[in-house]
Structures are given as structure tokens and as C-alpha cells.
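Residue-level structure breakdown
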Amino acid sequence: MAGKPTLYYFDGRGKMESIRWLLAVAGVEFQEVHFKTREQYEKMLHDGALMFQQVPMVEMDGMKLVQSKAIMNYISAKYNLYGKDLKERVMIDMYAEGLRDLMEMIARIIMLTPEEQQSTLKTIESKATDRYLPVYEKALASSDYLVGNQLSCADVHLLECILMLEEKFPSVLSNFPRLQAFQKRMRAVPAIHKFLQPGSQRKPPPNEALLKTAKEVLRF
């Protein structure tokens, strides 16, 4: 029997969090190795474990997987979260990419000055309510899922993104009743309900301590 997937990253969200979400929703137990020192990172470089000298890296099924999108696509395909055919898959990819764009904007806030953060938050809120959320609200008009008639990675990313937005803008869904209903349905999925409980492997919003560790390890 294969061992649990091992996730190599920092003890924070970053580019690994969506991977954690997908594994959790698929019901896959995983373990984590958190980078705390430059030496840990250099050892992985020396061992040739990081194809492009970057993290995240996920060790599973006898492979060392890098590049977050490739990792997520592999997990989604393996655990039936990637549609039933190519047409569904390309729609899933389009919805997922939009969500990743939005989540990346939120993730970068921690790296800005307080003044920059305030203006950036206004921009994110405007883009979320004017550009992104209306797309997903419309997509849910005739189905419980974004694509087809079953759960996909796009639905998982949508819930993750909604929760990130609500951390910054608590009333962001006030004009989106279908997204409100979607969130309620998704929260009721047993694997998701478990992942949202305190003590799970879901990470809290990033803080200065996490940013300091990442800078020391990666030297950026």
C-alpha cells in the first residue's frame, strides 16, 4: 500500500493551500514537511528533488511533483474532480484559472506596505464583485456545480476563494444568492466540513512571521 502523499512547503497557505484543499476533498490523508531553515531547502536542491528549484513539491505515487497547476491537475484527474471529457475539462480550467487569479491577488497583500494594502483591497473588492463573482453566479443558474453534474476542482477552488474573500470583505456575497447557496451546500459535504474544523490541515491567513521565514529560506 502506498504511503501518504507528503507536501513540502511552508507552514502557511501560499501556493500549497489549493493542493491541500483538493486532497482533503478527495478524502486523501497527507503529511507535511514545513521549511523552517535555508538548510532544509538547500538539501532538497542538492538531492535534486526540486525540478525547477522551486516549491511547492508533493511526493506521491512514487513521483516528486512540482509546479502547482500540474500538481492540482494530477490530483483532480486521479480523484475524479476533473470532468468527464475534454469539453468539461476546458471549462473547469477556465473557471479555475479565474479563481486562481483572484486568490493570487489576495495572497500578495501580505507583501505590500499598509498604504498599498488599503488601495489594493479596494481594487480586489471591486474586481471580485464586478468581474469575477458574477461569472460564477451565472454559472450556477441551472446546476449545483460549475461544470456538468458532479463536483470538480473548480467548485473546490470557488469555495476556497469565497472564504478568502469573506475574510477581507464579510458581506462580499450579499448580492449573489446562488453563491450563498453554493457555499452552504459545499460546507455540508462531509470531507469539506471536516477540513473547515479547527485543528485540520487548513492554514490560517498569512502573517509577518510566515513571510519572514519564506524570505529567509528562499532569499527573496
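Preceding this section is the structure that the text describes.
Conventions used here
- Residues numbered from 1 in each chain as written.
- Predicted model: local features only at pLDDT ≥ 70, side-chain atom pairs only at ≥ 80, totals over all residues.
- Heavy atoms only, no water.
- Salt bridge = Lys/Arg side-chain N within 4 Å of Asp/Glu carboxyl O.
- Buried < 20%, exposed > 50% of the residue type's maximum accessible area, 1.4 Å probe, protein only.
- Helix = DSSP H or I, 4+ residues; strand = E, 2+ residues; numbered from the N terminus.
- Polar contact = N/O pair within 3.5 Å; in protein donor to acceptor, adjacent residues only side chain to side chain.
- Expected span 1.5 Å × (residues − 1).
- Pairing = 2+ DSSP bridges.
- Axes fitted to C-alpha atoms, helices over the stretch in contact; angles between N-to-C directions.

As a further point, take the pattern of salt bridges. Tallied over the entire structure, the rule returns 18 salt bridges. For Lys64, the salt bridge goes to Glu59, with nearest N and O atoms at 3.3 Å. On the basis of relative accessibility, which here comes to 44%, the residue Lys64 falls in the partly exposed class. Asp144 is the salt-bridge partner of Arg185, the closest N and O atoms lying 3.8 Å from each other. Taken as a pair, Arg185 in helix H7 (residues 177–187) and Asp144 in the loop between helix H5 (114–139) and helix H6 (153–168) lie far apart in primary sequence, 41 residues in all. Residue Arg185 is classed as partly exposed on the basis of its relative accessible area, which comes to 32%. One connected set of salt bridges, linked through shared partners, spans Asp11, Glu17, Arg20, Glu32 and Lys203.

Bringing the side chain of Glu17 into the picture now. Within the secondary structure, Glu17 sits in helix H1 (residues 17–25). Owing to a relative accessible area of 3%, Glu17 belongs among the buried residues under this scheme. Within the structure, the side chain of Glu17 is placed 3.0 Å from the backbone nitrogen of Lys203, a separation counted as a polar contact.

Moving on, we come to H6. Helix length check: H6 (16 residues) gives 23 Å between terminal C-alpha atoms against 22 Å at 1.5 Å per residue, within 8%. For H6, the tally of buried residues reaches 13 of 16 residues, placing the bulk of the element in the interior.

Moving on: the sheet that holds strand S3 (residues 57–60). The mixed open sheet is built from four strands, whose spatial order is S2-S1-S3-S4. Edge positions in the sheet fall to strand S2 (31–34) and strand S4 (63–66), since each of these pairs with one other strand and no more. Taken over all neighbouring pairs, the strand axes of this sheet differ in orientation by 20 degrees on average, direction set aside. Pairing of strand S1 (residues 6–9) with S3, which is carried by three bridges, proceeds in the antiparallel orientation.

One face of the sheet, then the other: side chains in a regular strand alternate in exactly this way. Summarising the sheet, S3 and S4 pair through four bridges and their orientation is antiparallel. Paired with Val58 across the two strands is Leu65, which belongs to S4. Linking S3 to S4, which pair antiparallel, is a turn of two residues; within it Asp61 sits at a positive phi near 55 degrees.

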